[in-house]
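Read off the chains here:
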Amino acid sequence: MKSYLKEMLKRKDLLYYLVKSGLKAEHRNSYLGYFWWLLDPLLNVLVYYFLVVIVLERGGENYPLFLVIGLVAWRWISTTINASSRSILRYSSIVNQVALPKAIFPLSFTLTQLFNFMFGLIVMAIFLIVYGVMPTAHVFYLPLIIVIQLTAHIALGLVLGYITIFVRDIENLMTYITRIFFYASPIIWEGGRLLRSGKVPDWLVPFIEYNPVAILVESYRDILMHHQAPDLVALGVLFVISIVVIIYMLNYYSKNEHKIIKAL
């Protein structure tokens, strides 16, 4: 695996090119261009605010701020899943013609979505200012949470990028899996309030509290809204699992890349 990592480092210029071209390609044919990176989170907030507050007549104090943090964090997760699952397939012509580490493609798409998330942070900051919620010293946990989430995305991207080559239906299946995680996680509703209501079956409680999406979303809210430290134990477990998966997948890529070429 060491030689595989060295080969990836040699291809850092290609990685830079793939990330740069991916950023340009996302809104190449739109009139608003990169402004969509700011507009998309705002429109999502308006849609779910209309649904939850106006239609369902729910939502509490500072709910739009609560909503934007959850949606921006979720958008990074969902776009990374969608992009990385087809990362190798998208560049199949290059993969078949040039000998290079195939893991570089899921990695490039994951890094591309990281840049998009940075614009989402700007939207978060705007809402914090509007609602007069000034972050405290706990905001210094923000880079840690971002690194842990990025690590989890890299692990997930490597897995999906490889599996989708052999099982093309995975891409369609992930649409429904991500939808389950969206509604099972406290993105548009408050997890604590739902659990206290007693309406959730006991077997479902651990999934709602400890699934990776819930951990990440609540971590952002803890440091930005609630002015408290995130659940470092849960974040640490997620980080360790992600590192183990990355090491395993890089080793797996290095030994099985010939299968990728045959499948394409």
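Residues numbered from 1 in each chain as written. Predicted model: local features only at pLDDT ≥ 70, side-chain atom pairs only at ≥ 80, totals over all residues. Heavy atoms only, no water.

Peer 1: Quick question: what am I supposed to make of the overall build of the protein here?
Peer 2: What the protein contains, in helices and strands, is 13 helices and 0 strands. Its helices and strands in sequence order give the protein the pattern α-α-α-α-α-α-α-α-α-α-α-α-α, from N to C terminus. Restricting the contact set of the protein to residue pairs at least 6 apart, pairs at least 24 apart contribute 80%. When the accessible surface of the protein is summed, it comes to about 14100 Å², and 66% of that surface belongs to carbon and sulfur atoms. (Helix = DSSP H or I, 4+ residues; strand = E, 2+ residues; numbered from the N terminus. Contact = heavy atoms within 4.5 Å. Areas by Shrake-Rupley, 256 points an atom, 1.4 Å probe, with all protein chains shown as cover.)

Peer 1: Could you clarify how one ought to interpret the packing of helix 4 (residues 63–85) against helix 7 (residues 104–130) in this entry?
Peer 2: The description of two helices packed together rests on the angle between their axes and the distance between the axes. Contact pair helix 4 / helix 7: the axes reach a minimum separation of 9 Å and the direction vectors enclose 170°. Taken together, helix 4 and helix 7 sit at an angle that is classed as roughly antiparallel. Grouping the amino acids of the contact of helix 4 with helix 7 by side-chain chemistry returns 17 nonpolar, 7 polar and 1 charged. (Axes fitted to C-alpha atoms, helices over the stretch in contact; angles between N-to-C directions. Parallel < 35°, antiparallel > 145°, perpendicular 65-115°, else oblique. Nonpolar A, V, L, I, M, F, W, Y, C, P; charged D, E, K, R; others polar.)

Peer 1: What is the right way to read the side chain of R75 from this model?
Peer 2: Tracing the backbone shows R75 in helix 4. Sequence-distant contacts of R75, that is, excluding residues within four places in its chain, are made with D40, P41 and N116.

Peer 1: Would you mind going over the pattern of salt bridges with me for this structure?
Peer 2: Once the charged atoms of two side chains with opposite charge are near each other, the side chains can pair. In total, this model carries 2 salt bridges according to the counting rule given. We note a salt bridge from R75 to D40, for which the minimum N-O separation is 2.4 Å. Here the residue R75 occupies a position in helix 4, and D40 occupies one in helix 3 (residues 36–55), the gap between them amounting to 35 residues. According to the relative accessible area criterion, R75 is buried, its value standing at 15%. Here R221 ties to E218 by a salt bridge, and the two come within 3.4 Å at their closest N and O atoms. Taken together, the residues R221 and E218, both in helix 12 (residues 212–224) and 3 residues apart, mark about one turn of the helix. Given a relative accessible area of 0%, R221 falls into the buried group. (Salt bridge = Lys/Arg side-chain N within 4 Å of Asp/Glu carboxyl O. Buried < 20%, exposed > 50% of the residue type's maximum accessible area, 1.4 Å probe, protein only.)

Peer 1: In this structure, what is going on with the packing of aromatic side chains? I would like to understand it.
Peer 2: Remark: the centre distance and the inter-plane angle together describe each pair of aromatic rings, the angle taken between the planes. Taken as a whole and assessed by the stated rule, the structure comprises 11 aromatic pairs. The interplanar angle of 55° and the centroid separation of 5.9 Å between the aromatic rings of F117 and Y220 together place this pair among those described as tilted. Of this pair, F117 sits in helix 7 while Y220 sits in helix 12, and the two are 103 residues apart along the sequence. With 5.0 Å between their ring centres and 90° between their planes, F182 and Y183 make a pair best called edge-to-face. In this structure, R221 is placed above the aromatic ring of F66, and the distance from its NZ or CZ to the ring centre is 3.5 Å. (Phe/Tyr/Trp six-rings, centres within 6.5 Å; stacked < 30°, edge-to-face > 60°. Lys NZ or Arg CZ within 6 Å of the ring centre and 35° of its normal.)

Peer 1: I keep staring at the environment of A214 and nothing clicks. Help me out?
Peer 2: By secondary structure assignment, the location of A214 is in helix 12. Residue class for A214 comes out buried when judged on its relative accessible area of 2%. Along the chain, A214 and I187 lie 27 residues apart, while their C-alpha atoms are 7.8 Å from each other. Here A214 is in contact with S185, P186, I208 and E209, once residues within four sequence places are set aside.

Peer 1: What am I meant to see in helix 12 here?
Peer 2: Every α-helix carries 3.6 residues per turn, so stepping three or four residues along brings you back to the same face. Its 13 residues place the ends of helix 12 19 Å apart at the C-alpha level, agreeing with the 18 Å of an ideal helix rising 1.5 Å per residue. A large share of helix 12 lies buried, amounting to 11 of its 13 residues. Listing the buried residues of helix 12 in full gives V213, A214, I215, L216, V217, S219, Y220, R221, D222, I223 and L224. For helix 12, the elements touching its buried residues are helix 4, helix 7, helix 8 (142–166), helix 9 (170–184), helix 11 (205–210) and helix 13 (232–263). For helix 12, the capping residue at the N-terminal end is N211, with a side-chain oxygen 2.9 Å from the backbone nitrogen of V213. (Expected span 1.5 Å × (residues − 1). Polar contact = N/O pair within 3.5 Å; in protein donor to acceptor, adjacent residues only side chain to side chain.)

Peer 1: How should a nonpolar patch on the surface be read in this particular structure?
Peer 2: Taken together, M1, L5, V147, F239, V240, I243, V244 and I247 make up a surface patch of nonpolar side chains, about 620 Å² in accessible area. The biggest single contributor to the nonpolar patch is helix 13, with 5 residues. Structurally, V240 is set in helix 13. The class for V240 is partly exposed, based on a relative accessible area of 48%. (Patch = residues over 30% accessible without salt bridge, like charges linked within 9 Å, V, L, I, M, F, W, Y side chains within 5 Å.)

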